[in-house]
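Observations on chain architecture
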Amino acid sequence: MTALTLSTSAAPGLRADAIVIGVAKGTKGPVVAPGAEAVDKAYDGKLAGVLETLGASGAEGELTKLPAPADFKAPLVVAVGLGAESDAKDETDGFGADALRKAAGVAARALAGTKKAAFALPVDGPGAVGAIAEGVLLGAYAFDAYKEAANGSAKGKNGKAPLAEAALLGGKPRDAAHKSAVARAVAVCEELNRARDLINTPPNDLTPAIFAGIAQTAAKEHGLKVQVLDDKALVKGGYGGILGVGGGSAATPRLVKLTYKHPKADKHLAFVGKGITYDSGGISLKPAGHNETMKCDMSGAAAVFAAVVAAARLGLEVNVTGWLALAENMPSGSAVRPGDVLRMYSGKTVEVLNTDAEGRLVLADALWAASLEKPDAIVDVATLTGAMMLALGSRTFGVMANDDAFRSALHEAAEEVGEPAWPMPLPEHLRKGMESQVADIANMGERMGGGLVAGLFLREFVGEGITWAHLDIAGPAFNEGGAFGYTPKGGTGSAVRTLVRLAEQTASGDLG
Ligand code: BES
Ligand code: MN
Ligand code: ZN
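Residues numbered from 1 in each chain as written. Chains lettered and ligands numbered in written order. Predicted model: local features only at pLDDT ≥ 70, side-chain atom pairs only at ≥ 80, totals over all residues. Heavy atoms only, no water.

In the nomenclature of an unreviewed UniProt entry, the protein chain corresponds to Probable cytosol aminopeptidase from the organism Streptomyces monashensis. In its Subcellular location (unreviewed entry) section, the UniProt entry covering the protein chain states "Cytoplasm". What UniProt states about the protein chain under its Function (unreviewed entry) heading is, verbatim, "Presumably involved in the processing and regular turnover of intracellular proteins. Catalyzes the removal of unsubstituted N-terminal amino acids from various peptides." (UniProt positions renumbered as here; feature names shortened; annotations may be inferred.)

A few words now on the pairing of strand E9 (residues 254-260). In terms of residue burial, E9 counts as a mostly covered element, since 7 of its 7 residues are buried. The two faces of E9 match: Arg-254, Val-256, Leu-258 and Tyr-260 on one face and Leu-255, Lys-257 and Thr-259 on the other face are all buried. As defined by bridge partners, strand E8 (residues 225-229) adjoins E9 across 5 bridges and the pair is classed as antiparallel. Counterpart to Gln-227 in the pairing with E9 is Lys-257. Relative to strand E11 (residues 319-329), E9 is paired through 7 bridges, and the arrangement is antiparallel. Looking at the pairing, Lys-257 lines up with Trp-323 of E11. (Buried < 20%, exposed > 50% of the residue type's maximum accessible area, 1.4 Å probe, protein only. Helix = DSSP H or I, 4+ residues; strand = E, 2+ residues; numbered from the N terminus. Pairing = 2+ DSSP bridges.)

So, on to helix H13 (residues 404-417). Under the 1.5 Å per step criterion, the end-to-end length of H13 is 20 Å for 14 residues, consistent within 8% with the ideal 20 Å. Of all the positions in H13, only Phe-406, Arg-407, Ala-409, Leu-410, His-411, Ala-413, Ala-414 and Val-417 are classed as buried. Check the buried side of H13 and you find it contacts helix H3 (97-110), strand E14 (377-382), strand E15 (397-401), strand E16 (421-423), strand E18 (467-472) and helix H15 (496-507). Capping of H13 at its N-terminal end is provided by Asp-403; its side-chain oxygen lies 3.0 Å from the backbone amide nitrogen of Ala-405. Once H13 ends, the next one or two residues include Gly-418, with phi positive near 85 degrees. (Expected span 1.5 Å × (residues − 1). Contact = heavy atoms within 4.5 Å. Polar contact = N/O pair within 3.5 Å; in protein donor to acceptor, adjacent residues only side chain to side chain.)

Our focus in this paragraph is the sheet that holds E11. The strands making up a sheet associate through hydrogen bonds between their backbones, and the pairing can be parallel or antiparallel. The mixed open sheet is built from 8 strands, whose spatial order is E8-E9-E11-E10-E14-E18-E15-E16. Edge positions in the sheet fall to E8 and E16, since each of these pairs with one other strand and no more. Strand-to-strand twist across the sheet, computed as the mean angle between neighbouring axes with direction ignored, equals 20 degrees. The pairing of E15 with E16 spans 3 bridges and is parallel. Across the sheet, Phe-397 pairs through a bridge with Ala-421, a residue of E16. Along the sheet, H15 makes contact with strand E10 (268-279), E14, E15 and E18, crossing E10 at roughly 170 degrees. (Axes fitted to C-alpha atoms, helices over the stretch in contact; angles between N-to-C directions.)

Moving on: the nonpolar core. Core analysis: the largest hydrophobic core is formed by 96 residues, its most contacted members being Phe-119, Phe-211, Phe-271, Phe-305, Leu-324 and Leu-471. Lining this core are residues from two domains, each supplying at least three of them: domain 1 (3-152 + 159-170) and domain 2 (193-508). Ignoring any residue separated from it by four or fewer positions in sequence, one finds Phe-271 in contact with Val-304, Ala-307, Val-308, Val-320, Thr-321, Gly-322, Trp-323, Val-379, Leu-499 and Leu-502. Counting residues in hydrophobic clusters, the runner-up holds 45 residues, among them Ala-270, Val-352, Ala-370 and Trp-468. (Core = buried A, V, L, I, M, F, W, Y, C linked by side-chain atoms within 4.5 Å. Domains from an automatic or database assignment.)

The next subject is the packing of aromatic side chains. As enumerated under the stated definition, the model contains 4 aromatic pairs in all. On the basis of an interplanar angle of 35 degrees and a centroid distance of 5.1 Å, the ring pair of Phe-457 and Phe-461 is categorised as tilted. The buried category is assigned to Phe-457, whose relative accessible area is 0%. Over the ring of Phe-461 we find Lys-348, and its NZ or CZ is 5.6 Å from the ring centre. (Phe/Tyr/Trp six-rings, centres within 6.5 Å; stacked < 30°, edge-to-face > 60°. Lys NZ or Arg CZ within 6 Å of the ring centre and 35° of its normal.)

We now examine helix H7 (residues 208-221). Given a rise of 1.5 Å per residue, 14 residues ought to cover 20 Å, and the 20 Å separating the end C-alpha atoms of H7 matches this to within 8%. Just downstream of H7 lies Gly-223, where phi reads positive at about 70 degrees.

This next bit is on the UniProt feature "binding site: Mn(2+) 1" (unreviewed entry) in the protein chain. Under the UniProt annotation, "binding site: Mn(2+) 1" (unreviewed entry) lies at Asp-279, Asp-356 and Glu-358. In three dimensions, the annotated residues from a span of 80 residues occupy one location, with a maximal C-alpha spread of 8.4 Å. Checked against the element boundaries, Asp-279 lands in strand E10. With near-sequence residues (within four places) excluded, Asp-279 lies in contact with Lys-286, Met-294, Asp-297, Asn-329, Asp-356 and Glu-358. Within the secondary structure layout, Asp-356 lies in the loop between strand E13 (349-351) and helix H11 (359-371). Residues in contact with Asp-356, not counting those within four places in the same chain, are Asp-279, Gly-281, Ser-284, Lys-286 and Asn-329. Among the polar contacts made by the side chain of Asp-356, one reaches the side chain of Lys-286 at a distance of 2.9 Å.

Time to look at the sheet that holds strand E12 (residues 341-343). Read from one edge to the other, the open sheet built from 3 strands follows the order E12-E13-E17, with strand pairing classed as mixed. The strands lining the two open edges of the sheet, one partner per strand, are E12 and strand E17 (441-442). Sheet topology places E12 next to E13; 3 bridges connect them, and they run antiparallel. Residue Val-341 lies in a different strand from E13, and its bridge partner there is Glu-351.

The protein atoms donating to the zinc ion (ligand 3) are Lys-274 (NZ), Asp-279 (OD), Asp-297 (OD) and Glu-358 (OE), with metal-donor distances spanning 2.0 to 2.4 Å. Here the zinc ion (ligand 3) is ringed by 6 donor atoms whose angles at the metal span 78 to 174 degrees, and the overall shape comes out octahedral. Along the chain, the residues donating to the zinc ion (ligand 3) are arranged with the sequence spacing K-x4-D-x17-D-x60-E. Separation of the zinc ion (ligand 3) from the manganese ion (ligand 2) amounts to 3.1 Å, with Asp-279 serving as a shared donor to the pair. Linking Asp-279 in strand E10 with Glu-358 in the loop between E13 and H11, this pair joins segments that are 79 residues apart in sequence. The burial state of Asp-279 is the same as that of Glu-358; both residues are buried. (Donors = N, O, S within 2.8 Å, 3.2 Å for Na, K, Ca; no water. Tetrahedral: all angles 85-135°; square planar, octahedral: opposite > 155°, others 65-115°.)

See the structure below:
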């Protein structure tokens, strides 16, 4: 990852490959944002006009390159759009944290191939420092593990290594709050980028067993407890949902439990992640065109994994248990059939009508396992339904819950960290469509409202009286379009920062 430093240096004397500055969208054209005063001065105070001539408006996502003034050590100025100055409701005044995060991400992405950049964006406190740090670390991400062997270099296909070093100007290297904002960003983004790596890793190299092994290694490194149930242990324990889904694959399923405990914690959160390392659909096979990106179907488990490890690294005063329900959904002679009935870990029976509705089956077992510990709340994260993508598009995840206040808490946590999310209902009348002739419930219901039907199914496997929320990240988990802001193509790490925020709020007692 990009190395970050806080720097009190002034832009002109800085040895760097580029100086990044902010441009805001003013009422009469672009406005140079605070933090870039020294740069503007070197342009005789005419930088806004120069930028306008170059076509800049200050809109979010916009990037303009211009040669640095002659007396600067750095050769290049990169101006990134911050959008309109607003009454931000977070700790950064003027520009919201997410505008800073996105602008830093856009710049970091554009600076791939360069060694060092100085970020002279508006900094008015630790909130801004943390946001810029996150934008840099997330925007500079590249997945080139499979490019090296092919081209014999340590770089990506286009020969550009991620930005190696970033100095954050305006940050105070001796200020405890500034330093801890950077440390938090590093811990969260390192884990989030690891989640992206896992999502991007092709499914032949990330089986349930391999994923479980990676979780074990990370747990050891960061002082978490880890337990892995392999297929034999799953049979012994009666985890019919996970076994049913994993039964068609030569790569056997796993259930991983990660435990982080703080000695002074009085709250316990459980995070549950869907970890289908590849979703072919099973016997209800997906048609071509619908399976090329299905390595992303373990994004929920990757997010849970990242969030639990990040909580441990941050030493949050809350107990967090992560459950990774790992299986590969494949068709074969041993695969679950449409018509089969599974006896789930909870004891309920499920008639499998469509083997492509597999996520809810593995989650049902993990939700029940999590419930047995009676945590204060459970949050599951899953690339669960195409229907949620149809409803909310590819950048917003749906939030469902059995408790209105908890659903709002998750929506707010998501908003605070800049993850688009939206509350969705769990209409009772949709339960009827899942009635089965032979079992307690079927794994399919009405097609209309498919995302909500899936949520209602999951609700049946949450222990009595336990607060629960469900995040359907099918849209935002995997970016099939071009990179934007600090979001790369491919695995995005969706929901990681929302889960970490929830854990922080629970630790600080801001949540009941
Ligand atoms: N993993 C898919 C959902 C998905 C679709 C995630 C597109 C990301 C992008 C899930 O297992 C699935 O196949 N769901 C079915 C459920 C249906 C058979 C009830 C779906 O949404 O079509
Ligand atoms: Mn499926
Ligand atoms: Zn799936």
